[in-house]
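Working through the structure, step by step
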Amino acid sequence: MNTEPQVIVIGAGPVGQSAALLLARWGIQVLVLDRRPGRDAGGSRSICQQRDVLDVWAAVGAGKVAEEGLTWTTARTYYRDRELFSWSFEREGPMPPFVNISQARTEQILDEAIAGQPLIEVRWNHEATRLTQDASGVTVHCGQRLLRAPYVLVCAGARAQQVRQSLGVTFDGETFDDQFLICDIKADLPGWESERRFYFDPIWNPGRQVLIHPCPGGTFRIDWQIAPDFIPTKTDISRKIRQIIGERPYELIWHSTYRFHSRIASRMRVGRVLLAGDCAHLVAPFGARGLNSGVPDAENAAWKLAFVLNGWAGDGLLESYHAERHAAARENLEVTAATMRFIAPRSVEERMHRRAVLEGGLVAEIDSGRFAEPYWYVDSPLTTPEPTRPFTGRPPKGALCPPAPGVILPDASIPGGRLREFCRDGFLVLLGDMCDSSLFVQVLGKVTTAPLAVRGLAEMDGTGSLTERLGAGPEEAWVIRPDSHIAAIIPHAGPESVAAALSRAMGGSPDMTP
Ligand SMILES: Cc1cc2nc3c(=O)[nH]c(=O)nc-3n(C[C@H](O)[C@H](O)[C@H](O)COP(=O)(O)OP(=O)(O)OC[C@H]3O[C@@H](n4cnc5c(N)ncnc54)[C@H](O)[C@@H]3O)c2cc1C
C-alpha cells in the first residue's frame, strides 16, 4: 500500500479480520496492524457461530466457515442424569442457525479471504501503544513508528489496556472466581454429533457444570466448571474425559483453563476512533455472545465509516455506532451475567435458588445460556419508531423477533438471489403495491448520493412468501439499512416521509431534506 490507508484496523483477530474485509467490500483501503509476529493456530476458543455472522462472512468471501462448520440444531439440558428439557432453533433462510467450528480455522479462512483482497495490507510485529488524534486524522504510535489514517478501528482484544487508556476509555466490570477447563477431543460418540449437551451437577462434576459441543471432524469440545484453585494435571484431565466417554479411544487435541470476565468499555467511539470486539466488551461464553457480537460491531462500524469517508453521511453517523453497539454490549452483559449467577452462584440465596429450581425441575427458571441473536436497534437514534409495529421484546429462546423498526430483516429468496445479499450494497426501500415506485425513485434520487435501491415488494417477492413473512401492507414503505436492520416501516408512505426516515437512518445529514 503506497498511499495512506483510509482506515487503520488495530488487531488481526477475527473481529479485526472481519472489519478489514467489510471495509474493503465498501472499497475502503485498510491497513491492519497486529503485535504478534504472525498467525498462530493455537487454541480453539470460539466455536459456535450464529447465522447472521455466517452471513457476514459469506458476503466477504469467507463462506467456507458456514460450509465447513458442523450444524447443530438441538440443545439438551440435564440435571444429574435426568434430561430436563431440550429446544431447537427456528430455521430461516439458507444459513444454518448455528455452526460449530474452531476459532483457529475461522481465522485461517478469513486470512485466505484477506489474501485475495488487494485493498487490505496486514503488518505483523506492529504493536500500537498509543493513539493521538486531531481534526484530520489519527496517529497510531507503534513504538517509534508513526502511522496515520483518517479513522482507526481498534479490535485489539481484551488486553488492549494501553490503547484504551490513551483514549481515556475505562473497562469496568468483574472477573469470575470459578475456572473452566476446556478440552477439544477427537472421539467416536454416536448420537452426540448434532446436539449441544449441558449437564448441571453430573455425578462426574458434582455441584458444577459440564458442557459438551460437537465440532467438525469427529471432535468434541468439553467444558468443565472447576474450583478456583484447582490446577488440573494430565492425569486429572484424562480421568475427567474417561468419566464422560468411558473406555472409548480418544485423542486430546487442545486444552486450556479460563477465567471469564464481564466488562464493558466506557465508550465505543472516541472522536475518529471506534472500538470493537473483545477490546470493547467481554462476556462469559455461555450463549456464545463474544465473537458473535464482535462481528456485528465490525459490520456496524464498516458501513458507517464507508458512508462518512465517501461523503454520503456526516460525521454524526459515527456517534450512532457507540449508541447502537454499546446498547448491544449492555444487553449481552445482562444476559450472560444472569446465566453466570445461575451457573456459578455466589451467595447463599443464589445457591439455594439454583438447587430448588434444578431439583424441582422448574424449566422456565433454568438458565444454561441464551444463545447469541442480533441486537434490536429499537431505541437507536437512526430508527424511526412506528407505534403500530411495536417491538415485542426479547423473543423466546431460539425464536426470531417479528419484524419491527430496529429488528433485523428476515432473509428470503428473491429472484436471482437472497434478500440479505441484496441489502448489503446500500440502503433499500421496499414499497407496497399501492406506492408509485417511479415517484419515489424520482424524489429519493435527489435527496441522497448514497447507494440506494428502490423496489416494489412484488418485484422482489419471487414466491409471495416475503410479503407474507413481513406482513407488509400495500401502502407501506420499508427502509432497510446495509446491515439488514429495518430503519423504518411507514404505514401510509409518501416520498417525503421515506426521505425523512432515510435521512434519520444516515445520521440526519442536513443535505437530505427533500
Ligand atoms: C473458551 C472460550 C470460548 C469462546 N467461545 C465462543 C463462542 O463459542 N462463540 C463466540 O461468539 N465467542 C466465543 N468466545 C469469545 C471469542 O473468542 C472472542 O470474542 C474473540 O476472540 C474476540 O475477537 P477479537 O478479534 O475482538 O479479539 P482477539 O481474538 O483477542 O484478537 C485481538 C488481536 O489484537 C492483537 N493485539 C492486541 N493488542 C494489540 C496492540 N496493542 N497492537 C496491535 N495488535 C494488538 C492481538 O495480537 C490479536 O491478534 C470464546 C472465548 C473463550 C475464551
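Higher on the page you've got the structure.
Residues numbered from 1 in each chain as written. Predicted model: local features only at pLDDT ≥ 70, side-chain atom pairs only at ≥ 80, totals over all residues. Heavy atoms only, no water.

This model, assessed by the stated rule, comprises 22 aromatic pairs. Aromatic side chains tryptophan 26 and tryptophan 312 sit 6.3 Å apart centroid to centroid with 65 degrees between the ring planes, which places their arrangement in the edge-to-face category. Of this pair, tryptophan 26 sits in the loop between α1 (14–25) and β2 (30–33) while tryptophan 312 sits in the loop between α7 (291–309) and α8 (316–343); the two residues are 286 residues apart in sequence, bridging distant segments of the chain. When its relative accessible area of 16% is taken as the criterion, tryptophan 26 is described as buried. According to the relative accessible area criterion, tryptophan 312 is buried, its value standing at 18%. On the basis of an interplanar angle of 40 degrees and a centroid distance of 5.8 Å, the ring pair of tyrosine 375 and tryptophan 376 is categorised as tilted. For the residue pair tyrosine 375 and tryptophan 376, the accessibility class agrees, reading buried in each case. Three or more aromatic residues joined by ring pairs make a cluster, and in this case those are Phe180, Phe198, Phe200, Tyr258, Phe260, Phe286 and Phe342. Sitting over the ring of phenylalanine 171, arginine 164 keeps its end group 3.9 Å from the ring centre. Above the face of the tryptophan 192 ring, arginine 197 is positioned so that its terminal group lies 4.5 Å from the ring centre. (Phe/Tyr/Trp six-rings, centres within 6.5 Å; stacked < 30°, edge-to-face > 60°. Helix = DSSP H or I, 4+ residues; strand = E, 2+ residues; numbered from the N terminus. Buried < 20%, exposed > 50% of the residue type's maximum accessible area, 1.4 Å probe, protein only. Lys NZ or Arg CZ within 6 Å of the ring centre and 35° of its normal.)

A word on the nonpolar core. Of all hydrophobic cores here, the largest spans 97 residues; its most connected members are Leu131, Val140 and Phe307. Other than its neighbours up to four places away in sequence, leucine 131 contacts Ile10, Val138, Thr139, Val140, His141, Val152, Val154, Val163, Ser166, Leu167 and Val273. If you look at the next biggest cluster of nonpolar residues, it comprises 31 residues, including Cys48, Leu70, Phe200 and Ile343. (Core = buried A, V, L, I, M, F, W, Y, C linked by side-chain atoms within 4.5 Å. Contact = heavy atoms within 4.5 Å.)

Taking 1.5 Å of rise per residue, 19 residues should cover 27 Å, and α7 covers 26 Å from first to last C-alpha, within 8% of that figure. In terms of burial, α7 is a largely internal element, 17 of the 19 residues being buried. Taken from the residues just after α7, glycine 311 is the one with a positive phi, measuring 75 degrees. (Expected span 1.5 Å × (residues − 1).)

What follows concerns the site of the ligand. Among the 32 residues in the neighbourhood of the ligand, the closest are listed as Asp34, Arg36, Arg45, Gln103 and Asp278. The separation between an oxygen atom of the ligand and a polar main-chain atom of proline 14 is 3.4 Å. Within the backbone of cysteine 48, a nitrogen or oxygen atom sits 3.0 Å from an oxygen atom of the ligand. When the ligand sits alone it has 1000 Å² of accessible area, and the protein chains cover 92% of it. Mapped onto the shell around the ligand, the elements with two or more residues apiece are α1, β3 (48–50) and α7. (Near = heavy atom within 4 Å. Polar contact = N/O pair within 3.5 Å; in protein donor to acceptor, adjacent residues only side chain to side chain. Areas by Shrake-Rupley, 256 points an atom, 1.4 Å probe, with all protein chains shown as cover.)

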